[in-house]
Amino acid sequence: MTLHHKCHGCGSDMVFDAGTGTLVCPSCRAQMDVEAADARPDSGPKPGHDGTAAYHCENCGADLMALPETAATVCAFCGAGVVLADRVAGEHAPEYVIPFAIGREEAIKAFRKWCRNGLLTPRGFMTADRINSITGIYVPFWLYDLNSRVKVRAVCTKVRTYRRGDYLYTETHYYDVYRELDLHYLKVPVDASAKMDDAFMDRLEPYRYDGLKEFRPAYLAGFLAEKYQFTDRELLDRAKDKIRGFIESAIRSSFSGYATVTRVSEDIDTRHVESRYVLLPVWLVVYDYDNFKHNFAMNGQTGKITGRPPLSRAKIAAWFGGIFAGTLLAMKTLSWALGGGFL
């Protein structure tokens, strides 16, 4: 079934507004709290080919073809925001959502400002207005709570150097050291979308989890959304990989104060405590430059941007040339200060 969020004043489809945190009617500007949204379902989906399904738009009567992972979309005929109710219910019902805090116009301004800050990008990229498209999408994530029990045994040394008479002595003490750590990691995010670039999604972190809201379909109105394509069990290893660096840092910190640390044995047991299915906001930006489309992503809550902008060869050469010239001048100045010559 599809969900439409109708304005009680004029009957138009309402959309979620990042600025007010409410549903807003684009026609009469009336507002409605998400909790009070009136969602009216229509008939269920009609099976299609290749896993697609046909849904009925209540607003204009058109049939909408939705891919298997689509949870919310926009009607191509009338522009109404449509939530596919069966895609956000049952086992596919998110527990929480972080609503968009940055609206479309604000996202465009922030992206243009980010482009102007590119020190090594071509001049035309920094000044041109070539946004091909900007799309707000709720990306499915699993948030993992993990517990790591760590046991490490190492041979460590402390070194003392002292002088006695004409002799310099070095005294080394050896220690058999054992560490047992109980580490807890909460809300480790892993995106559960097959379409999204994992590296892009990782670089959009962190999200502020104080912004998590109990999921309601009205938050999706006017945006795209996907349901998860990988279960929490399938992505557990990736969640464990994400905390591996933090575990290593905790181990090293536990051996501080020693001159050398040689690990003899190490046992790391990371267990899955809990996982929550959530939707997190992302702006996807496609930017045209030099006959090529560049893809960028923006955190829809914090405004953090990631992507691979084009680089100017001339600026890169000038930058390295400046470093070389500065290094050469510093070495020459040091040589003169020491009374020598520099060739």
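Counting from 1, residues in each chain are numbered in the order their sequence is written. The predicted origin of the model limits local features to residues at a pLDDT of at least 70 and limits the giving and counting of side-chain atom pairs to 80 or more, whereas totals for whole chains, interfaces and linings rest on all residues. The basis for every side-chain value is the complete set of non-hydrogen atoms in the structure, without hydrogens or water.

Here the focus is the sheet that holds strand 2 (residues 15-17). Each strand in a sheet pairs with another by means of backbone hydrogen bonds, the pair being arranged parallel or else antiparallel. DSSP-based pairing: two strands are paired if at least 2 bridges between them are found. Under the scheme used here, helices are H or I runs from DSSP no shorter than 4 residues and strands are E runs no shorter than 2 residues, and both carry numbers assigned from the N terminus. With antiparallel pairing, 3 strands are arranged side by side in an open sheet as 2-3-4. Edge positions in the sheet fall to strand 2 and strand 4 (31-32), since each of these pairs with one other strand and no more. One ladder, built from 2 bridges, connects strand 3 (residues 22-24) with strand 4; its direction is antiparallel. Residue pairing for strand 4: Val-24 is matched across the bridge by Gln-31.

The aromatic pairing rule takes the rings of Phe, Tyr and Trp, using the six-membered ring of Trp, and pairs them if the centres are within 6.5 Å, calling planes under 30 degrees apart stacked, those over 60 edge-to-face and the rest tilted. For the structure shown, the criterion picks out 15 aromatic pairs. Judged by centre distance (5.7 Å) and plane angle (80 degrees), the ring pair of Tyr-138 and Phe-223 falls under edge-to-face. In this pair, Tyr-138 is assigned in strand 12 (residues 131-164) and Phe-223 in the loop between strand 14 (213-214) and strand 15 (224-226), connecting sequence segments 85 residues apart. Both residues of the pair, Tyr-138 and Phe-223, count as buried. Taken together, Phe-100, Tyr-138, Phe-223 and Trp-283 form an aromatic cluster joined through their ring pairs. Working rule: Lys NZ or Arg CZ, within 6 Å of ring centre, within 35 degrees of ring normal, means a charge sits over the ring. Just above the ring of Tyr-175 sits the side chain of Lys-158; from NZ or CZ to the centre is 5.8 Å. The classification of residues rests on relative accessible area computed with a 1.4 Å probe and restricted to protein chains. Under 20% of the type maximum is buried, over 50% is exposed, and intermediate values are partly exposed.

For a helix, the expected span equals 1.5 Å multiplied by the number of residues minus one. Between its first and last C-alpha, helix 4 (residues 236-254) extends 26 Å over 19 residues, near the 27 Å set by a 1.5 Å rise per residue. Of all the bends in helix 4, the greatest measures close to 35 degrees and is centred on Ile-243. Every buried residue of helix 4 is listed here: Leu-236, Arg-238, Ala-239, Ile-243, Ile-247, Ile-251 and Ser-254. For a residue, the bend is simply the angle between two axes, fitted respectively to the seven-residue segment ending there and the seven-residue segment starting there.

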